[in-house]
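# Close look at the chain arrangement
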Amino acid sequence: MEEGGGERTSEPEPVLHTQPLCRFFSQGRHCNFGKRCRFLHIRDDARAHKEKTTGTPSQSDVTLSNPEIPGGNVGYRVAPAAGHRPCRYFLSGHCTMEDRCRFWHPPQLPPLDDQPVPGNHSSSAQRMPPVPRPGVLQEVKLCDLTEDLAKQLRDTEIRQLKKRFPKDQLIIQERSDGKVTYYRASVAATDPDWPFDLKEIDIMVSFPDNYPQEIFTLDVPLDQDLPPVMSRHVQEASLEWLQAKHATNQLLGKVELLFRPFLRWLDRSLERLFTEGARQLKKDIDLEKAGLQFISYQELQAAVSEKSSNDHSSDPAASDTAAADEGVSDEGERTVEGETSVQQEGPGGSGGQEEEDAVHLVENIKISDPRRGTEVKLLGLRLGENTATVVAPKITVCLQCNRCKVTADLTLTGRTPCTAQCEKCSASINAAFRPCMLHHYSDVLGYLDLHNATPADLVLQECELSVGCLSCSQDVPMQNLSYGQTKEFNCEHCHSKLSILAESTRFQYIPPRASKIGSSAGAVNYKTIRDPAVQKGKPLPEKGTCKHYKQSHRWLRFPCCGRAYPCDVCHDGDQDHPMELATRMICGYCAKEQPYANGKPCISCGSMMTRGARTSHWEGGLGCRNKVKMCRNDRQKHANTNKTISRRAAGQKK
C-alpha cells in the first residue's frame, strides 16, 4: 500500500495553473485597484491567443496505461482533481460563480458526458459521443426570410403539430387536389377548477403555402357538442387574436410560428370565451321565447346585395332595355304616412326594384309610425334581466299653456285625442299621445301631438305601464313608478322577477318633414309651436325660482305625488295631500335631474343651486362673530371665556 502510494506521489501530476481574469478589466471597464489588483489585467482575446501559443494541457495529455487492468495498453482518461474538473454549468452555457468558481472553466472542452466516471473505465471507454441537437427555428427576421426558410418553418410547424397531439386526438384531412391539408384536433382545458361540463373543443386548421408570412386558417366545426353561437364566438375571438399578433410581428419586422402561442392563449382564455358565448346564447334563447329576432345591419346589407345580384343575373333582358332607355326622367317623390321616400326610376327601373326588395327584407324592423310631434324619452332607463318590453297605455303629463304660462295636469290615453280648456285664459288645448314600445335598445316612451301647449313634466308615478315578461311572454300591469328608484315586482303568471328604473324624462320637439307636393297647403305655422318648457341643457322657467325663495334655483320632486315644484309652499298650495320630503331635484340652470343634495353644486353644470351653508366671516354683516368658525390662532376666539363675573352682574343680566 505504501509502495503504491509512493508510486502515485512520484508520478508527475498535471497541474493547471490559470490566473483568473479581472472581470472589470476584461469587460473594458475601469479597475480601481490598478497595478495592485491580484487578478490578471488582459483582454479575453489576448488571453485566448496566449493559451494557443503556450499550449494548455488538455485531458488527452493525461492518459496513462495501467498494467493492472486487463488490456492495459488501452489508453483512458484519469478523473482530474476537484480543482481541475470542468464546471458543468460553464459547459452548459453560463456559470453564475464566474471567476470565483472552484472548477475549471476551459476555453474548449468536449461535452460533460465524455468525462469518465471513477471506478467504471470500461463504460466510459465504450460510451459514444452524444449527437448535438439542432436548434428549432421559431422566429425569423423579415429581411432574412427566403422561400426555402419559409418552407422550413412551415414544415417545422406541421411537425410540431403532429407531435403535440396524439393520434386519437388528431384527424388529418386532405382535399381532392391534395394542395390543402386540414388538421382537426381536440384542445382540452388544463384548468383544474374548470367550471363547465364541456372540457374540450375541436379546432380545424390549415397552413397555406406562404405560411408564416400570413396567418393559418382557423375554423371551429359545428358538428360537436358546443352550441353554434359559442363556436362562432370562439372562432371570431381567435381570428381577431391571430390577426393582432401577426400585425404586431409585422411592425417588429419578424415572422413567428403562431400555432403554439395560439394554443397557450386559447388555454388561458377558454373559460372567458365560454362565459361570453354562454351569455350570448342565453340572450338569443330569451329573445326567441319572447318572439323577437335581432338582425344586424351587416346581415341586412349582405342580404340586399345578394338579392339584387341574383335579380341582375336572372334578368339579362332588363339590362339591355336599360341601355336603350337612357332618356327616362326621374319620377317625383311619394309620401306614405308622413314619411318621404324618393323613388327614382332609372334605366329599366332597376333602382325601384332594388328599393322594393330592400323594403321587403327589412319589413320586420320598419317603423310604421313616423317620428313627429314631441318625443318623450326616459333617460337612464334600465330594464331587468327578465323584462322584455314596456308600453304606456295611459300617461299623466303636465302641460303649460302657451298664452298664460299656467300649468295643468292632463291624462292621455293611447291614440285618443283629448281637448281641454285653460283655467285662466280659456284657451283651447288639444293633446294626443302615441305610445311606443320600450325595450333594451329603445328608451322612447311615445310621441305627443300638442296644440297651444308645451310639455313641462311627466308625472311618472300616475302613469299606467304594461311590462312584458321575457320568460312567459305575458303582459303585467304596473303603477307607482318613481324617478331614480328601481321598481321591483314579480310576474303574475310565471313569478319571474321584473325590474325597471328611469332617472328622468326629456321632451324634444321633432319638426315635420318637408314635402314638395302640396307644400303650400300643408304649411305649418312655426310661430304657434314652442319648444318644451323643460329641456335638458337649458335653464328652467325663471331659473327654477319662485316668489317664496328667490335664491333657490331648483325644482324639488316630491315622492308623495311624483310632481316637481320650486318649493314646499308651492306644493302645498297646489296639492291637497300631506307633503313628503323631496328625494330628487332638478337644476335650474341645466334642467338636470339628480338626487337631492343641499349645499352642493350641480353634478352636470357645477352651478350652486342654493346660497349654501357656508357664509362670510361676519355672519351676514350683523356685527357678531361666530367663535366656532374662528381660527384657533384668532385672539378673539377665547376672549372673555375665563373672566370672572360677579353675582350682581350675573343677576342684572338675568
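None of these values were measured; they are calculated from a predicted model. Counting from 1, residues in each chain are numbered in the order their sequence is written. Only residues with pLDDT of at least 70 get local features here, since the model is predicted, and only at 80 or more are side-chain atom pairs given and counted; chain-wide, interface and lining totals rely on the full set of residues. For the side-chain quantities, the full set of heavy atoms in the structure was used; hydrogens and water were omitted.

## Digging into the overall build of the protein chain
When helices and strands are tallied, the protein chain shows 13 helices and 28 strands. A total of 654 residues make up the protein chain; the buried ones form 31% of that total. Helix numbering and strand numbering both begin at the N terminus, where a helix is a DSSP run of H or I of at least 4 residues and a strand a DSSP run of E of at least 2. Exposure categories follow from relative accessible area, calculated using a 1.4 Å probe and restricted to protein chains: below 20% of the type maximum is buried, above 50% is exposed, and the middle band is partly exposed.

## Description of the packing of helix H6 (residues 147-164) against helix H8 (residues 259-289)
Where H6 meets H8, the axes come as close as 10 Å, and the angle between the chain directions of the two elements is 40 degrees. Of the possible angle classes, the one that applies to H6 and H8 is oblique. Contact residues: H6 offers Glu157, Gln160, Leu161 and Arg164, while H8 offers Phe259, Arg260 and Leu263. In this classification, Asp, Glu, Lys and Arg are treated as charged, Ala, Val, Leu, Ile, Met, Phe, Trp, Tyr, Cys and Pro as nonpolar, and every other residue, Gly included, as polar. For the contact of H6 with H8, the per-class residue count stands at three nonpolar, one polar and three charged. Only the stretch in contact is used when a helix axis is fitted, and all axes are lines through C-alpha atoms; the angle between N-to-C directions ranges over 0 to 180 degrees. In what follows, roughly perpendicular refers to angles from 65 to 115 degrees, roughly parallel to angles under 35, roughly antiparallel to angles over 145, and oblique to any angle outside these ranges. The contact criterion used throughout is that any non-hydrogen atoms of two residues lie within 4.5 Å.

## Some points on a negative patch on the surface
Candidate patch residues must exceed 30% relative accessible area and have no salt bridge, after which like charges are joined if within 9 Å and Val, Leu, Ile, Met, Phe, Trp or Tyr side chains if within 5 Å. Each accessible area value is a Shrake-Rupley result obtained with a 1.4 Å probe; residue values ignore everything except the protein chains displayed when judging cover. Between Lys or Arg on one side and Asp or Glu on the other, a salt bridge is scored when a side-chain nitrogen of the former is within 4 Å of a carboxyl oxygen of the latter. His is not counted here, nor are the chain ends, while Lys and Arg score as positive and Asp and Glu score as negative. Note on charges: their place is set at NZ of Lys, CZ of Arg, CG of Asp or CD of Glu. Taken together, Asp191, Asp193, Asp267 and Glu271 make up a surface patch of like negative charges. When you line up the elements, Asp193 lands in the loop between strand S5 (181-188) and strand S6 (200-206).

## Considerations on the pairing of strand S27 (residues 584-587)
Side-chain alternation along S27 places Arg584 and Ile586 on one buried face and Met585 and Cys587 on a second face that is also buried. The hairpin turn running from S27 into strand S28 (residues 593-595), its antiparallel successor, is five residues long, and Ala591 in that turn takes a positive phi close to 60 degrees. The rule for pairing is simple: two strands pair if DSSP sees at least two bridges between them.

## A few points about the environment of Val406
Examined against the element boundaries, Val406 turns out to sit in the loop between strand S13 (387-401) and strand S14 (407-413). As a C-alpha pair, Val406 and Lys424 span 18 residues in sequence and 7.4 Å in three-dimensional space. Apart from residues lying up to four places away in sequence, Val406 is in contact with Leu399, Gln400, Cys401 and Lys424.

## Examining the packing of aromatic side chains
Pairing of aromatic rings covers Phe, Tyr and Trp, the last through its six-membered ring, and needs centres within 6.5 Å; plane angles under 30 degrees mean stacked, over 60 mean edge-to-face, and all others mean tilted. Overall, the coordinates contain 15 aromatic pairs when judged by the stated rule. Aromatic pair Phe196 and Phe274: ring centres 5.7 Å apart, planes at 70 degrees, arrangement edge-to-face. Residue Phe196 is located in the loop between S5 and S6, and its partner Phe274 is located in helix H8; the two are separated by 78 residues in the primary sequence. Owing to a relative accessible area of 1%, Phe274 belongs among the buried residues under this scheme. Both rings, one in Phe207 and one in Phe216, keep their centres 5.6 Å apart while their planes meet at 55 degrees; by these two values the pair is tilted. Pair check on accessibility: Phe207 and Phe216 agree, each one buried. Comment: the charge-over-ring label is applied if NZ (Lys) or CZ (Arg) is within 6 Å of the ring centre and within 35 degrees of the ring normal. The lysine or arginine in question, Arg164, covers the ring of Phe165, its NZ or CZ lying 4.9 Å from the ring centre.

## A closer look at the sheet that holds S27
Two pairing modes exist for strands in a sheet, parallel and antiparallel, and in both the strands are linked by backbone hydrogen bonds. As summarised here, the arrangement of the four strands in space is S26-S25-S27-S28, forming an open sheet in which the pairing is antiparallel. The strands lining the two open edges of the sheet, one partner per strand, are strand S26 (564-565) and S28. Here S27 runs beside S28; their pairing, made up of three bridges, is antiparallel. When the bridges of S28 are listed, Ile586 appears paired with Glu593.

## Focus: H6
Under the 1.5 Å per step criterion, the end-to-end length of H6 is 26 Å for 18 residues, consistent within 8% with the ideal 26 Å. All of the buried residues along H6 are Leu149, Ala150, Leu153, Arg154, Thr156, Glu157, Ile158, Gln160 and Leu161. On its buried face, H6 is in contact with strand S3 (139-141), strand S4 (170-174), S5, S6 and H8. Any helix carries an expected span of 1.5 Å times its number of residues minus one.

## Examining the environment of Asp168
For Asp168, the location among the structural elements is in the loop between H6 and S4. Residue Asp168 is classed as exposed on the basis of its relative accessible area, which comes to 68%. For Asp168 and Ser186, which are 18 residues apart along the polypeptide, the C-alpha to C-alpha distance reads 9.4 Å.

## Comments concerning the nonpolar core
By nonpolar core we mean a set of buried residues, namely Ala, Val, Leu, Ile, Met, Phe, Trp, Tyr and Cys, connected to one another through side-chain atoms within 4.5 Å. Counting 40 residues, the largest nonpolar core has Phe207, Phe216 and Phe262 as the members making the most contacts within it. Those elements that place two or more of their residues in this core are H6, S5, S6, helix H7 (228-252) and H8. In terms of residues, this core owes the most to one element, H8, which gives eight residues. In this view, Phe216 contacts Val205, Ser206, Phe207, Pro208, Tyr211, Leu242, Leu258, Phe259 and Phe262; residues no more than four positions away in its chain are not counted. The next biggest cluster of nonpolar side chains, apart from the first, holds 39 residues, and it includes Leu381, Ala392, Leu465 and Ala502.

## What to know about the environment of Cys587
Position of Cys587 relative to the elements: it lies in strand S27. The sequence separation of Cys587 and Gly606 amounts to 19 residues, and the corresponding C-alpha distance is 9.8 Å. Those residues in contact with Cys587 that sit more than four places away from it in its chain are Leu540, His553, Lys592, Gln594, Cys602, Cys605 and Met609.

## Re the packing of H7 against H8
Two quantities define a packed helix pair, namely the angle between the helix axes and the distance between the axes. Where H7 contacts H8, the two axes come as close as 8 Å, and the packing angle between them is 140 degrees. Put simply, H7 runs oblique to H8. For the pair H7 and H8, the crossing hand works out as right-handed. For the pair H7 and H8, the contacting residues are Val229, Met230, His233, Val234, Ala237, Ser238, Trp241 and Leu242 in the first and Pro261, Phe262, Trp265, Leu266, Leu273, Phe274, Glu276, Gly277, Ala278, Gln280, Leu281 and Asp284 in the second. If you view the pair so one helix is near and one far, a crossing is left-handed when the near helix is turned anticlockwise from the far one by less than a right angle, and right-handed when it is turned clockwise.

## Observations regarding the side chain of Arg434
Summarising the element assignment, Arg434 is placed in strand S16 (residues 428-435). For Arg434, a relative accessible area of 5% puts it in the buried group. Here the side chain of Arg434 touches Arg372 through a polar contact of 2.6 Å, landing on its backbone oxygen. Two N or O atoms form a polar contact when they lie within 3.5 Å of each other; inside protein one atom must be a possible hydrogen donor and the other a possible acceptor, and for residues adjacent in sequence the pair counts only when both atoms belong to side chains.

## A closer look at the sheet that holds strand S18 (residues 444-451)
Read from one edge to the other, the open sheet built from five strands follows the order S15-S16-S18-S11-S24, with strand pairing classed as antiparallel. Bordering the open sheet on either side are strand S15 (418-421) and strand S24 (504-510), each of which pairs with just one other strand. On average, each strand axis in the sheet is inclined to that of its neighbour by 25 degrees, with strand direction left out of account. As judged from the seven bridges shared by strand S11 (residues 373-379) and S24, these two strands associate in the antiparallel manner. Each bridged residue has a counterpart across the sheet, and for Lys377 the counterpart in S24 is Arg506.

Read these as geometric descriptors, not functional statements.
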